[in-house]
Structures are given as C-alpha cells and as structure tokens.
Amino acid sequence: MDIAAILRDIHETVSQSPDRGTVADYIPELARIDTGRFGMSVVLADGTQHSVGDAARPFSIQSISKIFALALALGRLGDRLWTRVGREPSGLAFNSILQLEHEAGIPRNPLINAGAIVVTDAVLAGNAPREYLGELLRFIRAAAEDDAIHINESIALSESETGHRNFALAHFLRAHGNLQNAPHMALGAYFHQCAIEMSCEQLARSGRFLMGAQGHPRLVSPGRVRRINALMMTCGHYDGSGDFAYRVGLPGKSGVGGGILVIAPGRASIAVWSPGLNAQGNSKLGTEAVEMLARRTGWSVFG
Ligand code: GLU
C-alpha cells in the first residue's frame, strides 16, 4: 500500500475544499491561526513515517492532551479513577455544564472538559502544577522520543484569562466535592496541558504507544491501551463521536486547535491538523482527511 501517494491525494483533495470550517475564537490566541494550514502524518507499525503539507509545523494540541493525562491518571490511580468520572459518551458539547448538575458533579467521561479537569486534579493531588506538567511532558516526550515538545505559555495565558466556562465547571466540581485542589490550581495545570504544542509528525509519533505494535514505546499495558482506545472511540469527539466512529471507524481524539490523533490498532498512528472546526468543535478537514485515509487503506476496528 502506497501511503505516501494516498496522503498526496488527500492533501490535494482537501486543498480544493471551499469550506474549511471556523477557528476556535473563544481562545483569543487560537483565533489568529490561518485556516489555510493543513498537515498530516502517519507512522506505520514497521516504524516508517509519511507526512504531507504542514506536518512539521507545531500547533496547539488542546484536548488531545486529555489522552496523555488519562494515561498518567490510570497509571497513578488505576480503577479508583472511575469513582470520580464515568465512561459514557455525553452527547453534549465539550464544555457543557448541564449534565454535571443532573449527575451530581460526576462528569460523564474523562474526555469532556469537566471530566478532564477531574483527571488533571486527580494526578495533581496537592502537588504544584509545575510538577504535574513536568511529569506530563516527560510522558509525552518519551512517547514521541522527542525532547523538544513544550508548552506555549501565551496560549496558556490566553485561555486562563478567558476560560470562564472552565472556571464554572471547576467551581461546580468543587462544590460537589469532586475537586481536591483549588479551582485555580487545577485549571492552571489544565490550561497549560492544553497549551502543549506539537507538529503532526511529533503527534503521530507520540500516539505510537496506543498502536499496540512491536518495536514502539510501550508506556502502558496492552489492556490499558485497549481501554484508552475504547474511550477515544466512544467519547473522543464530544457530541460528534458517533459520527466520527461511523465515518472513520477508528478511535480518535480531537482538539479545538484543529488537531486529531487517530489510532489504527496494530497498523498506524495518525495525526492530522487543519485549524477550521465543524459545529461540534472538531477539525472539519481533519475529519474528512482521516475519513479518506480509512476508506483508501481499509483500516477500521469494525472489520
Ligand atoms: N482548552 C480547551 C477548553 O478547555 C480544550 C477544548 C478542546 O480542545 O476541545 O476549552
């Protein structure tokens, strides 16, 4: 299978697309990103990597960071994490507060904002955000085998100044006794983890530990890899998760920076970036690109 040729075709098709979606303008620093950008990178099980477009250009991984934080939290707490957060798709927007009130401060899953704030809070466990962020960066750098991966401080600051919905969620969690750290501490850590930057090339490499193939970094057990992939499949695209599963058929996690990490178990780790988002806050052309890739390669977890 000629992945390089498939990527070239995908790049050509998306570059002709008249509708590129709209950038996330609720984080001012993200509002300035050019929607003309597009990058994609694929690491195959044999270790070869193929990339196209702006695949070497760093972007804000935003909610894709929730996958790495979840891996750390499961390593630290194991199944005890599930007393504080559920494992069901929410069917609501990523930053919704509605369900949290109905369900007494237990977020539906670790990949919506409320759930991710709980996960970060659980790993933080009274330590300084700096220590948590150091541990998270060490995990991601080991996964990507790249020590250059870093946090963009101006994006973290931009979100800290404007992230009122996330503050509301954190205070609500705290009121229900489901936040151990002060809201500004948990959110300081959360905003900084969202502000980690990676290129598609780095992101695809960092996802190899979820591929379950020999010869790649093995940072979590095979059983845990399956569970993280299951959560990505059911919850990784917010209220667009069912649609993503239907169209792409592979577990994936999106971020409002326009990136998506997609895993083809046993076959590939895939990263795509196009900053324009669809109505559910997931990359519009990024989704179309992985849909094309899945169709051309036949990769699917559904047979
Ligand atoms: N930092 C973003 C927020 O909390 C992440 C959301 C996303 O990437 O989907 O609003």
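Higher on the page you've got the structure.
The following paragraphs examine the structure supplied in this document. Nothing here was measured: the structure is a model prediction, and the numbers come from that model. (Residues numbered from 1 in each chain as written. Predicted model: local features only at pLDDT ≥ 70, side-chain atom pairs only at ≥ 80, totals over all residues. Heavy atoms only, no water.)

## Digging into helix α8 (residues 164-175)
Alright, step 1. Spanning 12 residues, α8 covers 16 Å between terminal C-alpha atoms, matching the ideal 16 Å at 1.5 Å per step.
Alright, step 2. Among the residues of α8, those classed as buried are N166, L169, A170 and L173. Projected onto a plane normal to the axis of α8, the buried residues spread over an arc of 95 degrees and lie on a single side. Opposite the packed face of α8, turned more than 90 degrees from it, sit the exposed residues H164 and A175.
Alright, step 3. Elements that come into contact with the buried residues of α8 comprise α4 (98-102), α5 (113-124), α7 (153-162) and α9 (183-194).
Alright, step 4. One or two residues past the end of α8 sits G177, with phi positive at roughly 75 degrees. (Helix = DSSP H or I, 4+ residues; strand = E, 2+ residues; numbered from the N terminus. Expected span 1.5 Å × (residues − 1). Buried < 20%, exposed > 50% of the residue type's maximum accessible area, 1.4 Å probe, protein only. Arc of directions from axis to C-beta. Contact = heavy atoms within 4.5 Å.)

## As for the site of the ligand
Alright, step 1. Every residue near the ligand is listed here: Y26, Q62, S63, F94, N113, E159, N166, Y190, C194, Y238, G255 and V256.
Alright, step 2. Interatomic distance of 2.7 Å between a side-chain N/O atom of E159 and a nitrogen atom of the ligand.
Alright, step 3. Take Y190: an N or O atom from its side chain is 2.7 Å from an oxygen atom of the ligand.
Alright, step 4. Protein chains bury 100% of the 290 Å² of accessible surface belonging to the ligand in isolation.
Alright, step 5. For the shell around the ligand, a count of residues per class yields 6 nonpolar, 5 polar and 1 charged. (Near = heavy atom within 4 Å. Polar contact = N/O pair within 3.5 Å; in protein donor to acceptor, adjacent residues only side chain to side chain. Areas by Shrake-Rupley, 256 points an atom, 1.4 Å probe, with all protein chains shown as cover. Nonpolar A, V, L, I, M, F, W, Y, C, P; charged D, E, K, R; others polar.)

## Quick word on the packing of helix α6 (residues 129-144) against α9
Alright, step 1. Two numbers describe how α6 lies on α9: the axes approach to 9 Å, and their chain directions differ by 30 degrees. Considering their axes alone, α6 and α9 lie roughly parallel with respect to each other. Regarding α6 and α9, the two cross each other, and that crossing is right-handed. Here P129, Y132, L133 and L136 of α6 come into contact with α9, specifically with M185, A189, H192 and Q193.
Alright, step 2. Residue classes in the contact of α6 with α9 are distributed as 6 nonpolar, 2 polar and no charged. (Axes fitted to C-alpha atoms, helices over the stretch in contact; angles between N-to-C directions. Parallel < 35°, antiparallel > 145°, perpendicular 65-115°, else oblique. Left-handed = near helix turned anticlockwise from the far one by under 90°.)

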